[in-house]
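Structural overview for review
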Amino acid sequence: MKITEYIKNNVLILDGGMGTLLQGMGLTAGELPERWNISHPESIVDIHRRYYDAGSNVVNTNTFGASILKFSPCELEEIVRSAINNARKAMEQSKSKKEKWVALDIGPTGRMLAPYGDLDFEDAVKVFAETVRLGVKYGADLIFIETMNDSYETKAALLAAKENSSLPVFVSNAYGADGKLMTGADPAAMVALLEGMGADAIGVNCSLGPKALAGVVEEYLKYASVPVIVKPNAGLPKSVDGKTVYDVMPEEFSEDVRMLITKGARIAGGCCGTTPDYISALSDKCFGFVPSLLTEKNFSVVSSYTHAVFFKEPVLIGERINPTGKKRFKEALKANDIDYILKEGISQREKGVHILDVNVGLPEIDEVTLLKTAVCELQSIIDLPLQIDTSDPVAMEGALRRYNGKAMINSVNGKKESMDAVFPLAKKYGGLIVALTLDENGIPEDADGRIEIAKKILEAAKEYGISPKDIIFDPLALTISADNNAARETLKAVKLINDELGCKTTLGVSNVSFGLPERDIITSNFFTLALGHGLSAAIMNPYSAEMMKAYKAYMALSGMDVNCAEYISFASAIPKTVSVPADKTAVAQNGDGTELQKAITRGLKEQSAALTAELIKTVKPLDIVQNEIIPALNTVGEGFEKKTVYLPQLLMSAESAKAAFEVIKSASKGESAANRCAFIIATVKGDIHDIGKNIVKLLLENYGFAVYDLGRDVDPHTIADETVKLHAPIVGLSALMTTTVPAMEETIKLLRERAPWCKIIVGGAVLNKEYASVIGADKYAKDAMEAVRFAEETENLL
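1. Brief notes about the packing of helix α14 (residues 367-381) against helix α15 (residues 393-402)
Between α14 and α15, whose axes approach to 8 Å, the crossing angle comes to 25 degrees. Considered as vectors, α14 and α15 are oriented roughly parallel to each other. Of the two elements, α14 crosses α15, and the hand of that crossing is right-handed. Facing Glu367, Val368, Leu371, Lys372, Val375, Cys376 and Gln379 of α14, the residues of α15 in contact are Val394, Ala395, Met396, Gly398, Ala399 and Arg402. A class-by-class count of the residues in the contact of α14 with α15 yields 8 nonpolar, 2 polar and 3 charged.

So this is what it looks like as structure tokens:
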């Protein structure tokens, strides 16, 4: 039986942890567990067999960290081949009569993707693709992508799996205690992205125990139409007699997971700290349980790398990143002035739009390259979802491929060539498709004609496996200056699409007033009428005071603005509101701080550098650092600590500060901007994951610390030698994997012997405050800003 058929009517039991079991069998600190597939195959077979006998339907191969970033191509192939063979042998030896499958396990690369790190998206796809192809070659039954804490890397892995195999793909992400991924995505955003790309099952694993993950699982169940996975840790880790143990026992674990299964999860297992005993208890509790039928969740939704936007209440789509009728914008496109585009995006976000339309189409530019660049750059500093607006399928695919989330796709129409070009892209990358009600015969004059085209589009979409929830119709607002009935027919079409087809609608509302004086009067009143007819979204000018008044008033009058709070806030600011003509572009200057501080907090690297270059002509370099750069970083850092700013925004602000520092350094004839104490940082022996380390390094450098980065997989003696050599007062150690925590403990013991003066701060997904204290660290930092605060406190005590 195919696994995708099995999970329709059965609970699928996964396996549990691997690393802690290998440690119990003799895996040493710093030793790569994937190599045990070759050197200790009998041990790997034994672990897999014990899981099958305990009741697992699926075991994950011992390939969590197997990639060409860690192993040579030849060794990687031998590891994957041996890993799958080991799982097959275990399946054959198992006495269990349950259905069984072997999953190719794929974990994160350990590196952060650009623009926040040094790994390009396409390079990440290639890394995952190499492992996927080997898994297919040697007979894996499915691909299990797990423990991903970055939505962009998750997309790269899923894309690699879909492009290089026809196997079912399960995807599981690792959430923090705040219910978000490390880079900010909430569960709704991940459901939108992963379902849109065709994952067969999605869910959560690692990081926390079942009780702590329950809220995240429930969010998945609320939004997901595909099976939901729950694979928690056995609670929180601690060290007892030099061994890592967890605080949730099998009985409690299995009961907590069973409760999540009764709520709708249908794929369950364990992660760090769980053993065959945990899986046996879980399997027993689930015996005979028949899960409820999967139901289609009819949410029309788009997402960014942080959040989803649902089309339940009227959605505003900012229209200003578009060259049509905008002379200055055209000049910016021709000059490849990306900063201008970014400022326009920031300004519209500050005006309150929910989505940004992105159109860079001009005959004289390379639209394929520029659209992809614009999308990537906008996403690096703005967390709003984007509507990718182009008539060029090649440009559309390039932008969709790089987009971090589920985008709006603008657009398709009723022409066969249009549907044949756009629907395959939407099916592959996911997206909410704007469908124009026109075809080879043009735009029908009446609403009924437009409805017929809408029906034709829905039928064609169905053939590609695209649901009506992923189509949003634009029944086309035409100017009333040419046809008195134009607005009436468009409004009728909006209502018919909503009532008869059950689909969402959007309009470019400003078209209705083309050719008329005082256009905002006509456009805003038409907008209100359209909202009253059920309009779901509008592409509009957020700088128009009349349009914003119409929107805020409608939301209050329709009962969608609780206690009229949004309207009251908007109305109180009306004297400060500036109406911007349609052919002008304004950049809002909201918020406190100087221009340089604003540029840094917004993540505008080029502007930060330019403003610093101008400022340094009259202001001392140290004064710029103390009065401009550090206050800006503090503003963003405080937002990060309060969870109002997410990691990508924090990193881009840090990069902007770095750009400002480079100007200061150049003006100071190459002198280092570091004016604070030394801070040694490293990822411990056996661990190649350096995302957290690199984030901490970047922030520390911006705060003026002299950071000595020793890299990844660093031997304890190397760390101790460098600490003694520099007499460094602070050492930071990072580890992601359970199997490398002993190497961290060994390093701390050595530092205590050879550098007793230094303070040691640790971090990583497998650690917590209690565990850090037990292994001898002075401080556990849950995030990069906490590491910065500790470094500042420590320096003040020197």
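2. Here we look at the sheet that holds strand β2 (residues 58-60)
The strand order β1-β10-β7-β6-β5-β4-β3-β2 describes an open sheet built from 8 strands, whose pairing is parallel. Looking at the sheet topology across the chains shown, the edges are occupied by β1 (12-13) and β2. Pairing between strand β4 (residues 142-148) and strand β5 (residues 169-173): 4 bridges, direction parallel. Its bridge partner lying in β5, Ile143 is registered against Val169.

3. Some words on a negative patch on the surface
Taken together, the side chains of Glu445, Asp446, Asp448, Asp483 and Glu500 make up a negatively charged region of the molecular surface. Among the secondary structure elements, Asp446 is positioned in the loop between β17 (432-436) and α17 (447-463). Classification of Asp446 as partly exposed rests on a relative accessible area of 37%.

4. Concerning the pattern of salt bridges
Inspection of every chain in the model, using the stated rule, returns 51 salt bridges. Two residues, Arg50 and Asp46, come together in a salt bridge whose shortest N-O distance is 3.8 Å. Taken together, the residues span about one helical turn, with Arg50 and Asp46 both in helix α4 (residues 41-54) at a distance of 4 residues. On the basis of relative accessible area, Arg50 is assigned to the partly exposed category, the value being 30%. With a shortest N-O distance of 2.8 Å, Lys211 and Asp256 are connected by a salt bridge. You can see Lys211 sitting in helix α9 (residues 210-223) and its partner Asp256 sitting in helix α10 (residues 250-262), a full 45 residues away along the chain. A single network of salt bridges, built from pairs that share partners, joins Glu641, Arg676, Arg789, Glu792 and Glu795.

5. Things to note about the packing of aromatic side chains
Throughout the structure, instances matching the rule amount to 11 aromatic pairs. Consider the rings of Tyr223 and Phe310, whose centres lie 4.9 Å apart with planes at 25 degrees: the pair is stacked. Residue Tyr223 is located in helix α9, and its partner Phe310 is located in strand β12 (residues 308-310); the two are separated by 87 residues in the primary sequence. As far as burial versus exposure is concerned, Tyr223 and Phe310 are alike and both buried. Plain terms: the ring middles of Phe527 and Tyr551 are 6.5 Å apart, the flat faces sit at 10 degrees to each other, and that makes the pair stacked. With Phe527 in helix α19 (residues 519-532) and Tyr551 in helix α20 (residues 545-557), the pair connects residues that are 24 residues apart, well separated along the chain. Accessibility expressed as a relative area gives 1% for Phe527, which makes it buried. An aromatic cluster is built from Tyr223, Phe299 and Phe310, whose rings are joined through pairwise contacts. The ring of Tyr340 has Arg328 lying over it, and the distance from NZ or CZ to the ring centre is 4.2 Å.

6. Brief notes about helix α7 (residues 151-164)
Its 14 residues place the ends of α7 20 Å apart at the C-alpha level, agreeing with the 20 Å of an ideal helix rising 1.5 Å per residue. For α7, a buried count of 11 out of 14 residues is recorded, marking the element as mostly surrounded by other parts of the structure. Listed in full, the buried residues belonging to α7 are Ser151, Tyr152, Glu153, Thr154, Lys155, Ala156, Ala157, Leu158, Leu159, Ala160 and Ala161. Along its buried surface, α7 packs onto α6 (121-137), β4, β5, α8 (187-196), α15 and α16 (416-429). The opening residue of α7, the one whose side-chain oxygen lies 3.1 Å from the backbone nitrogen of Tyr152, is Asp150.

7. Notes on unusual backbone geometry
Of the consecutive residues Ala114 and Pro115, the connecting peptide bond is found in the cis state with omega at 10 degrees. For Pro115, the position within the fold is in the loop between β3 (101-106) and α6. A cis amide bond, omega 20 degrees, links Asn410 with the succeeding residue Ser411. Topologically, Ser411 is positioned in strand β16 (residues 408-413). The backbone phi angle of His727 is positive, close to 50 degrees, even though this residue is not glycine.

8. Some details on the sheet that holds strand β14 (residues 355-358)
One key point about sheets: their strands pair by backbone hydrogen bonds, in either a parallel or an antiparallel sense. Around the barrel, which closes on itself, the 8 strands sit in the order β13-β14-β15-β16-β17-β18-β19-β20 with parallel pairing between neighbours. Strand-to-strand twist across the sheet, computed as the mean angle between neighbouring axes with direction ignored, equals 30 degrees. As judged from the 3 bridges shared by strand β19 (residues 504-508) and strand β20 (residues 537-540), these two strands associate in the parallel manner. Across the sheet, Thr506 pairs through a bridge with Ala537, a residue of β20. Against the sheet, α14 makes contact with β13 (315-321), β14 and β15 (386-389), and its axis sits at roughly 175 degrees relative to β15, the strand it touches most. Along the sheet, α17 contacts β16, β17 and β18 (471-474); its crossing angle with β18, the most-contacted strand, is approximately 155 degrees.

9. Observations regarding the side chain of Ser653
Among the structural elements, Ser653 can be located in helix α25 (residues 647-667). Sequence-distant contacts of Ser653, defined by excluding residues within four places in its chain, comprise Ile600, Thr601, Arg602, Gly603, Leu633 and Val636.

10. What about the nonpolar core?
As a rule of thumb, nonpolar side chains are buried together in soluble globular proteins. In this structure, Ile145, Phe423, Phe527 and Ile629 are the most contacted members of the largest nonpolar core, which totals 221 residues. In terms of residues, this core owes the most to one element, α25, which gives 9 residues. Apart from residues no more than four positions distant in its own chain, Ile629 is found in contact with Ile600, Ile624, Ala657, Ala660, Phe661 and Ile664. Ranked by size, the runner-up nonpolar core spans 28 residues in total, among them Ala682, Ala720, Ile748 and Cys758.

11. A short note on the packing of helix α22 (residues 595-602) against α25
The N-to-C vectors of α22 and α25 enclose an angle of 135 degrees; their axes lie 6 Å apart at closest approach. The angle between α22 and α25 falls in the class oblique. Mapping the contact onto sequence places Ala599, Ile600, Thr601 and Arg602 in α22 and Ser653, Ser656 and Ala657 in α25. Looking at the contact of α22 with α25 residue by residue, the class counts come to 3 nonpolar, 3 polar and 1 charged.

Definitions and cut-offs
Residues numbered from 1 in each chain as written. Predicted model: local features only at pLDDT ≥ 70, side-chain atom pairs only at ≥ 80, totals over all residues. Heavy atoms only, no water. Axes fitted to C-alpha atoms, helices over the stretch in contact; angles between N-to-C directions. Helix = DSSP H or I, 4+ residues; strand = E, 2+ residues; numbered from the N terminus. Parallel < 35°, antiparallel > 145°, perpendicular 65-115°, else oblique. Left-handed = near helix turned anticlockwise from the far one by under 90°. Contact = heavy atoms within 4.5 Å. Nonpolar A, V, L, I, M, F, W, Y, C, P; charged D, E, K, R; others polar. Pairing = 2+ DSSP bridges. Patch = residues over 30% accessible without salt bridge, like charges linked within 9 Å, V, L, I, M, F, W, Y side chains within 5 Å. Areas by Shrake-Rupley, 256 points an atom, 1.4 Å probe, with all protein chains shown as cover. Salt bridge = Lys/Arg side-chain N within 4 Å of Asp/Glu carboxyl O. Lys, Arg positive; Asp, Glu negative; His and termini not counted. Charge placed at Lys NZ, Arg CZ, Asp CG, Glu CD. Buried < 20%, exposed > 50% of the residue type's maximum accessible area, 1.4 Å probe, protein only. Phe/Tyr/Trp six-rings, centres within 6.5 Å; stacked < 30°, edge-to-face > 60°. Lys NZ or Arg CZ within 6 Å of the ring centre and 35° of its normal. Expected span 1.5 Å × (residues − 1). Polar contact = N/O pair within 3.5 Å; in protein donor to acceptor, adjacent residues only side chain to side chain. Core = buried A, V, L, I, M, F, W, Y, C linked by side-chain atoms within 4.5 Å.

By themselves, these figures tell us nothing about what the structure is for.
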